[in-house]
Amino acid sequence: MAKKKVKQIAEWQKILIKALWIAFGVLWVALFVCFFLIVKGKIGYMPDIEQLENPIDKYATQILTADNKNMGTFSLKNSNRVYANYSDLSHYIPDALVATEDVRFASHSGIDFYALMRAVFKLGTAGGGSTISQQLAKQLYSAHASNLMERIFQKPIEWVIAVQLERYYTKTEIINMYLNQFDFLYNAVGIQSACWVYFGKQTQDVTLEEAATLIGMCKNPSYFNPVKRLDRTQGRRNVVLDLMLENGYITNSQCEAAKSAPLTVDFHKADHKEGIAPYFREYLRLTMSAKKPKRTDDKYRFDPYRYAVDSLAWLNNPLYGWCNKNKKTDGSNYNIAADGLKIYTTIDSRMQKYAEQAVNEHIGGFLQPTFFREKGRSRTAPFDSELTQADMDAIMNRAIRQSDRYRALKASKVSEEKIKQIFNTKVEMQVFSWKGIIDTIMTPRDSVRYMKMFLQTGFMAMDSHSGHVKAYVGGINFQNFQYDMVTQGQRQVGSTIKPFLYSMAMESGFTPCSEVLHVQQTLVNELGEPWTPQNTVMSHIGEKVSVRWGLQNSDNWVTAYLMSQMSPHTFKNLLLSYGLSEPIAAVPPLCLGSCEASVEQMVSAYSVFGNAGIRIEPIYVTRVEDRNGNILSTFASQPHEIINESASYQMLSMLQSVVNSGTGAGMRSRQGVNVAMGGKTGTTQNNSDCWFVGFTPSLVAGCWVGGSERSIHFNTMQEGQGSRAALPVVGIFLKKVFADRELGYSSLETFTVPEMYKDPCAGGNDLSGLLSSPKSAGQMDDIFN
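Draft legend 1. Broad picture of the sheet that holds strand β6 (residues 456-463). One open sheet holds the five strands; their spatial order is β7-β6-β20-β19-β18, and the pairing between them is antiparallel. Lying at the two open borders of the sheet, with one neighbouring strand each, are β7 (469-473) and β18 (678-683). Averaged over all pairs of adjacent strands, the angle between strand axes in this sheet comes to 5°, irrespective of strand direction. Strand direction decides the pairing type here: β6 and β7, joined by four bridges, are antiparallel.

Structure below.
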């Protein structure tokens, strides 16, 4: 009986063993079939070979300053991923990643079986089972798990993709892809964005403790958030440092020093409206993304001059429409937000900072408070007191229709009557002030009027030899006032136009020493209509004065006299060669600045006077690279000869007189800028536009100040003139630039004038017989042509 039981047990053991082997075999077959189906994409999502070879193709474009600072990015919405090359990483970053996430990364082929078993059986206390390759596979493709079955097989799918990644990529490429893909919160996608957002640095510049902080976030960026949970994040950082020490990446002294250092975050919000030079970055985005102009486009329907300007830019400016003029290897156009370009600009971050500080100090610190005090007692504020209620209502209604609130309501099909009611109902809101955002309660209509109270500005500085734009301030605050007054806006130029007329006179035979009778002038246009300009200079009436004196004191009568000797049409053509654009009316008042121009155009035009008659076109970008560092385009300024050398040095002499003892003398007396320079102030009728454009041997800088409407201005010229409103911005900027020796601009630099041109009064024609009375327009053209 016992033998029978033993025999039965033995039979059952054989059956059990056989069953176990069969089960084991079935399991292996099932696993093989499972993985085979995963590889073939029958279970879950499996990227094809092309996708595996190019798993990440949407990168933000990075914008860099001339001194290699990160200005910001152009990116797709919610995807501010900036590409970083492995060679550009601080070695602390990959060292910390491997020590923390995958210590056997160099030896496995995508799956670390030891770490996997440790995670399963809880062997040890640190580390999970996922390798860096598996984590990358999860980052790249987990979003495709759209149903329960795919989620059940998620881990095996990641294993297969990880092994495939190891097959197609080197270890450094996998680390690079992982770091470029990881989302560090606050729209900081990728290590490059994270370094900038949290520490304001490039990837190669982060310290050991900063690298450990960022890699520590990879465990759970929300839980280890250095902005909201500093202490917890510092603890995680120290764990990473200990693991780096344990695995031989740093020494004990390095570890202790880094752990004792405080965790300091220099947070930069990834927002295109913030950061360095936001007006410039928006100009760059619009310019490079521009499409070929079509006359049928809505924006050109009522603005034929804009169509002409943009069409010329498309033909002659390689930066304009760059994305739509250049092709990728696959034949498609570049996408500035998704192709990971690197745009190297001419902006210097230090000079940009000085320009923004100059605007803040003068306009925010002095001019705006003065304007508030003046308008505070006016019932029509901020508008001219002579405006009728109907005029003010028209301005306000136009501004309301241009507001984001109005457009949103119209898009929601809200009636005009309801919109009017909404704009006249008080609500809680935040409004701009120079001291910071203010929480208040007012009607949206009143908020529009309140924002109209702020004076606007445009400022640009350019290297006069290379044409490189060094600073660009398109307004007082991009968050709240996005209209760009450097390139987008054009305003009447006033007396800053006079040097162009005087240069024409120099080429026509006048010299700075030529004398003119200082009397009121009356000019007649082509229709026989008289024009008699007023004058603010009431000295030396009836006496002979020099042409130099006329420009130095911005005298309208001397200027009108010179205009009477020239053809308005010839003068208009000269203005176009200086870089101004249509529409320009060829009429006698043109000599006093009745036409409009942008700050960019005026700065470029004034480069003529310090460059021996050569105008330098502004350059904003030096080169564009793809994400791998291949140069796609380079850019250089185009010089244009405008006036001859003799006339240019005569103008240089006179424009220096303007700054030394004329309308621009405040640069010396008030601003304390004692460098070799020339320049010209400008003020238009009713003090609506205030200008100053100045130049040193190496820099040209221009500033406009005024209201968003011509009816918004100072009541008097006490502060409402170019020398008081615009000149100080340029002066403050120049003082800061020359004080910073690292920039390379010397306050001791002088203009180089050839010996033959050092006497500005030599070489002119004898005009004594023509100077006693006004002549008809074009008489001088007839004499000298």
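Draft legend 2. Seen up close, the packing of aromatic side chains. Considering all chains together, one arrives at 30 aromatic pairs under this definition. Measuring from centroid to centroid gives 5.4 Å for Y300 and Y307, while their planes differ by 70°, and the two rings are edge-to-face. Under the relative-accessibility criterion, Y300 is labelled buried at 4%. Here the aromatic rings of F432 and W434 are separated by 5.9 Å at their centres, their planes lie at 65°, and the arrangement is edge-to-face. What makes F432 buried here is its relative accessible area of 5%. Within the aromatic cluster, the residues linked to one another by ring pairs are F372, F432, W434, Y450, F454 and F481. Looking at K325, its charged tip hangs above the ring of W314, at a distance of 5.0 Å from the centre. Positioned over the ring face of Y344 is R623, at 3.7 Å from the centre of the ring.

Draft legend 3. Seen up close, the state of the cysteines. Within the structure shown, the criterion is met by one disulfide. The disulfide that involves C513 links it to C761, with 1.5 Å between the sulfurs. Because the torsion about its S-S bond is 55°, the bridge between C513 and C761 counts as right-handed. Taken together, the residues C513 in the loop between α22 (498-507) and β9 (515-517) and C761 in the loop between α30 (727-739) and α31 (779-784) connect sequence positions 248 residues apart. Taking relative accessible area as the criterion, C513 reaches 41% and is therefore assigned partly exposed. The class of C761 is partly exposed, set by a relative accessible area of 24%.

Draft legend 4. Looking closely at the environment of V163. Of note, V163 is situated in helix α7 (residues 154-168). For the pair formed by V163 and H108, sequence separation is 55 residues and the distance between their alpha carbons is 9.6 Å.

Draft legend 5. Broad picture of the nonpolar core. Counting residues in each nonpolar core, the largest one holds 143 residues, and the members touching the most others are F459, F500, F571, Y578, L580 and F733. Residues within four places of L580 in sequence aside, it is in contact with F500, L575, C595, A597, Q601, M602 and A605. Ranked by size, the runner-up nonpolar core spans 44 residues in total, among them F184, V206, L208 and C255.

Draft legend 6. Layout of the sheet that holds strand β15 (residues 621-625). Within the open sheet, the five strands sit side by side as β2-β1-β3-β15-β16. Their pairing is mixed. The two strands at the open ends of the sheet, each matched to only one other strand, are β2 (70-74) and β16 (631-634). The average angle at which neighbouring strand axes cross in this sheet is 20°, direction not considered. Of the pairings in the sheet, the one linking β15 to β16 comprises three bridges and is antiparallel in character. Each bridged residue has a counterpart across the sheet, and for E625 the counterpart in β16 is I631. Strands β1 (61-64), β2, β3 (342-345) and β15 of the sheet are contacted by helix α13 (residues 278-288), whose axis makes an angle of about 40° with β2.

Conventions used here
Residues numbered from 1 in each chain as written. Predicted model: local features only at pLDDT ≥ 70, side-chain atom pairs only at ≥ 80, totals over all residues. Heavy atoms only, no water. Pairing = 2+ DSSP bridges. Helix = DSSP H or I, 4+ residues; strand = E, 2+ residues; numbered from the N terminus. Axes fitted to C-alpha atoms, helices over the stretch in contact; angles between N-to-C directions. Phe/Tyr/Trp six-rings, centres within 6.5 Å; stacked < 30°, edge-to-face > 60°. Buried < 20%, exposed > 50% of the residue type's maximum accessible area, 1.4 Å probe, protein only. Lys NZ or Arg CZ within 6 Å of the ring centre and 35° of its normal. Disulfide = S-S within 2.5 Å. Core = buried A, V, L, I, M, F, W, Y, C linked by side-chain atoms within 4.5 Å. Contact = heavy atoms within 4.5 Å.

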